[in-house]
Amino acid sequence: KEALMFRLANKRRNMLTNLRIEVICTWIATDQEGQSIRKYKHLDVERDHLSMLPLSWTVVHPIDKESPLLKMSARSCQAVDVEIIVILEAYDDTFANIIRRHTSYKFDEIIWQAKFDKMFYFNKAGHSVLELNKVNDYSELS
């Protein structure tokens, strides 16, 4: 199946808990009077919350019949100025406060026909090793 995916990881040394994520797709459409308007649609994701973030989180929006991205291409995304808005909220255990992070991805930042490479492995002692420098690493699908 096709999906829109992005990945995040905690660069801080403190634990993040009670993570919530919201993903919104926005694009330019034409209304009934022929005027250009900006449309917004909440994108369903496979998991919109985590209790804690020990390693990384790959957020996945399945591209199905409910998705506004169904049958979209890089060219059609450009034509309607697609932008993906991501809102993350989490609780920082160390400082006892809620953090919020907003970011967005324009159509020209979306990589088509690719998948993320692994960014963690288990060492000889059996411990998980997270390689933060690989958070954006991907392989193209053939």
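Anything mentioned here points back to the structure above.
Owing to the predicted nature of the structure, the values given are computational and were not obtained by experimental measurement. (Residues numbered from 1 in each chain as written. Predicted model: local features only at pLDDT ≥ 70, side-chain atom pairs only at ≥ 80, totals over all residues. Heavy atoms only, no water.)

Trainee: Sorry if this is basic, but what is going on with the pairing of strand S2 (residues 16-30) here?
Mentor: When a strand is regular, its side chains alternate between the sheet's two faces. Sheet topology places S2 next to strand S6 (residues 83-92); nine bridges connect them, and they run antiparallel. The partner of glutamate 22 across the bridge, within S6, is isoleucine 87. Bridge count between S2 and strand S4 (residues 49-52): three bridges; the pairing is antiparallel. Residue pairing for S4: arginine 20 is matched across the bridge by histidine 49. Direction of pairing for S2 relative to strand S3 (residues 36-42): antiparallel, over a ladder of seven bridges. (Pairing = 2+ DSSP bridges. Helix = DSSP H or I, 4+ residues; strand = E, 2+ residues; numbered from the N terminus.)

Trainee: Could you clarify how one ought to interpret the packing of aromatic side chains in this entry?
Mentor: Working definition: an aromatic ring pair is given by the centre-to-centre distance plus the angle between the planes. Tallying each qualifying case throughout the model produces two aromatic pairs. Between phenylalanine 6 and tyrosine 105, the aromatic rings sit 6.0 Å apart at their centres with planes inclined by 35 degrees, giving tilted as the arrangement. Placement of the pair is phenylalanine 6 in strand S1 (residues 3-9) and tyrosine 105 in strand S7 (residues 97-106), with a sequence separation of 99 residues. Take phenylalanine 6: its relative accessible area is 9%, and that puts it in the buried class. Ring geometry for phenylalanine 120 against phenylalanine 122: centres 6.2 Å apart, planes inclined by 90 degrees, an arrangement best described as edge-to-face. (Phe/Tyr/Trp six-rings, centres within 6.5 Å; stacked < 30°, edge-to-face > 60°. Buried < 20%, exposed > 50% of the residue type's maximum accessible area, 1.4 Å probe, protein only.)

Trainee: Help me understand the pattern of salt bridges in this model?
Mentor: Two side chains that carry opposite charge are able to pair once their charged atoms sit near each other. The final tally for this structure, using the stated rule, is six salt bridges. Here arginine 12 makes a salt bridge to aspartate 92, at a shortest N to O gap of 3.1 Å. Residue arginine 12 is located in the loop between S1 and S2, and its partner aspartate 92 is located in strand S6; the two are separated by 80 residues in the primary sequence. Taking the relative accessible area as the measure of exposure, arginine 12 reaches 42% and is therefore partly exposed. For glutamate 83, the salt bridge is made with lysine 106, and the minimal N-O distance between the two is 4.0 Å. In this pair, glutamate 83 sits in strand S6 while lysine 106 sits in strand S7, placing the two residues 23 residues apart along the sequence. Here glutamate 83 falls in the buried class, since its relative accessible area comes to 18%. Bridged by salt links that share partners, the residues Arg38, Asp81, Glu83 and Lys106 form one connected network. (Salt bridge = Lys/Arg side-chain N within 4 Å of Asp/Glu carboxyl O.)

Trainee: What is the right way to read the nonpolar core from this model?
Mentor: Among soluble globular proteins, nonpolar side chains are generally buried collectively. Leu19, Ile21, Val23, Trp57, Val59, Val82 and Ile84 are the most contacted members of the largest nonpolar core, which totals 27 residues. Of all the secondary-structure elements, those providing two or more residues to this core are S1, S2, strand S5 (56-62) and S6. For this core, the element with the highest residue contribution is S2, accounting for seven residues. Residues within four places of isoleucine 21 in sequence aside, it is in contact with Phe6, Leu8, Val45, Arg47, Asp48, Trp57, Val59, Val86, Ile87 and Leu88. (Core = buried A, V, L, I, M, F, W, Y, C linked by side-chain atoms within 4.5 Å. Contact = heavy atoms within 4.5 Å.)

Trainee: What should I look at first to understand a negative patch on the surface in this one?
Mentor: A surface patch of like charges, here negative, comprises Asp44, Asp48, Asp64 and Glu66. Tracing the sequence through the fold places aspartate 44 in the loop between S3 and S4. Look at aspartate 44 and you get exposed, because its relative accessible area is 52%. (Patch = residues over 30% accessible without salt bridge, like charges linked within 9 Å, V, L, I, M, F, W, Y side chains within 5 Å. Areas by Shrake-Rupley, 256 points an atom, 1.4 Å probe, with all protein chains shown as cover. Lys, Arg positive; Asp, Glu negative; His and termini not counted. Charge placed at Lys NZ, Arg CZ, Asp CG, Glu CD.)

Trainee: Can you walk me through the environment of asparagine 136 in this structure?
Mentor: By the element assignment, asparagine 136 lies in the loop between strand S10 (128-130) and strand S11 (138-140). A relative accessible area of 58% places asparagine 136 in the exposed class. Separated by 31 residues in the primary sequence, asparagine 136 and tyrosine 105 place their C-alpha atoms 14 Å from one another.

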